[in-house]
Amino acid sequence: METTAKSFSHKYNWMKEIIIEKLFLLCALLSILTTFGIILILLTETIGFFQEVSLIKFLIGTRWSPLLVPKSFGILPLINGTLIITVGAALVALPLGLASAIYLSEYSSPNVRKIIKPILEILAGIPTVVYGYFALMFITPIIQDLFPNANIFNAVSASIVVGIMILPMVASLCEDAMRGVPQSLREGAYALGSTPLEVCTKVVVPASLSGVLASFILAISRAIGETMAVTIAAGMTPKITLNPLESVQTMTAYIVQVSLGDTPHGTIEYQSIFAVGMTLFTMTLLMNIGSQMLRQKYREVYQ
């Protein structure tokens, strides 16, 4: 009887493990199928768009006005607006995030880290619409006081709030990478007479460079795909400009504009959403691939 009970228990545990394994496999396959479904939809509508619009004119055109007559589908103004805000956000988030990570990893006590890190990560949970109105109602008036010629909708305020949004990602990922550096490297540097700052900048950061660079690229990818904050703060004026005090339009802001329901399904204007989405998808995909390549190239394996 005891042998039969053990045999039944063994079979039950074996079946449970099989079910759990298949469930996890199903979750993984569902993620892959979802990704392929998104790509398929984007490709289908994008191909229909490029049957009517020249790919060359789309990529090198300097005027974007798909909703006005005469229609023009040059995506460079949208790319220009996206890059201005992304670069501005990177200038805000990357140095502040790296400095925050260095403090949390190398200088703060465990009790201070337990308080500061959750508070920092709260920023990631604030809705992006709130960030947009915060930029419009608080940051923009300050910018207009400093620069009277600044527009109400401008790229600077959008860049600042997007930088604040991606700051927790940079700080958290960089800190995780730095805390993965063995303590023996730090102790060896201190034994040679290095100061804490020299240990941080010449030992810890170089040793965690792969994780730091990967966090930078992932955060920039997040900034490129930001939607509501830049739609509210930066405006909807597609133009090629290097002046961050002017109103610009990003690729995501255009998608929001046309997705409000006023554009008939199947029209060239409707299909332009997917062409812009495919461009955005390609940019972020290339950046994620680059992040993986940098991570593999500069990765240090410690025993």
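This text goes with the structure placed above it.
Worth saying up front: this structure is predicted, and the values here are computed from it rather than measured.

What follows concerns the packing of aromatic side chains. Under the counting rule described, the total for this entry stands at nine aromatic pairs. Considering the side-chain rings of Phe-49 and Phe-58, the 5.6 Å spacing of their centres and the 75° angle between planes classify their relative orientation as edge-to-face. Each ring, one from Phe-58 and one from Trp-64, has its centre 6.2 Å from the other, and the planes form 65°; the classification is edge-to-face. Among the aromatic residues, those joined into a ring-pair cluster are Phe-49, Phe-50, Phe-58, Trp-64, Phe-73 and Tyr-254.

All right, on to helix α8 (residues 196-207) then. Listing the buried residues of α8 in full gives Val-199, Cys-200, Val-204, Val-205 and Ala-207. The arc that holds the buried residues of α8, viewed along the axis, is 145°, so those residues lie on one side. What points out from α8, more than 90 degrees from its buried face, is the exposed set Leu-197 and Lys-202.

Helix α6 (residues 155-179) packs onto helix α5 (residues 128-146) with a crossing angle of 130° between their chain directions and a minimal axis gap of 9 Å. Relative to α6, the element α5 is oriented oblique. In terms of crossing hand, the pair formed by α5 and α6 is right-handed. Along its contact with α5, which presents Thr-128, Tyr-131, Phe-134, Ala-135, Ile-139, Thr-140 and Ile-143, the element α6 presents Val-156, Ser-157, Ile-160, Val-161, Ile-164 and Met-165. Split by residue class, the contact of α5 with α6 holds 10 nonpolar, three polar and no charged.

Thresholds applied
Residues numbered from 1 in each chain as written. Predicted model: local features only at pLDDT ≥ 70, side-chain atom pairs only at ≥ 80, totals over all residues. Heavy atoms only, no water. Phe/Tyr/Trp six-rings, centres within 6.5 Å; stacked < 30°, edge-to-face > 60°. Buried < 20%, exposed > 50% of the residue type's maximum accessible area, 1.4 Å probe, protein only. Helix = DSSP H or I, 4+ residues; strand = E, 2+ residues; numbered from the N terminus. Arc of directions from axis to C-beta. Axes fitted to C-alpha atoms, helices over the stretch in contact; angles between N-to-C directions. Parallel < 35°, antiparallel > 145°, perpendicular 65-115°, else oblique. Left-handed = near helix turned anticlockwise from the far one by under 90°. Contact = heavy atoms within 4.5 Å. Nonpolar A, V, L, I, M, F, W, Y, C, P; charged D, E, K, R; others polar.

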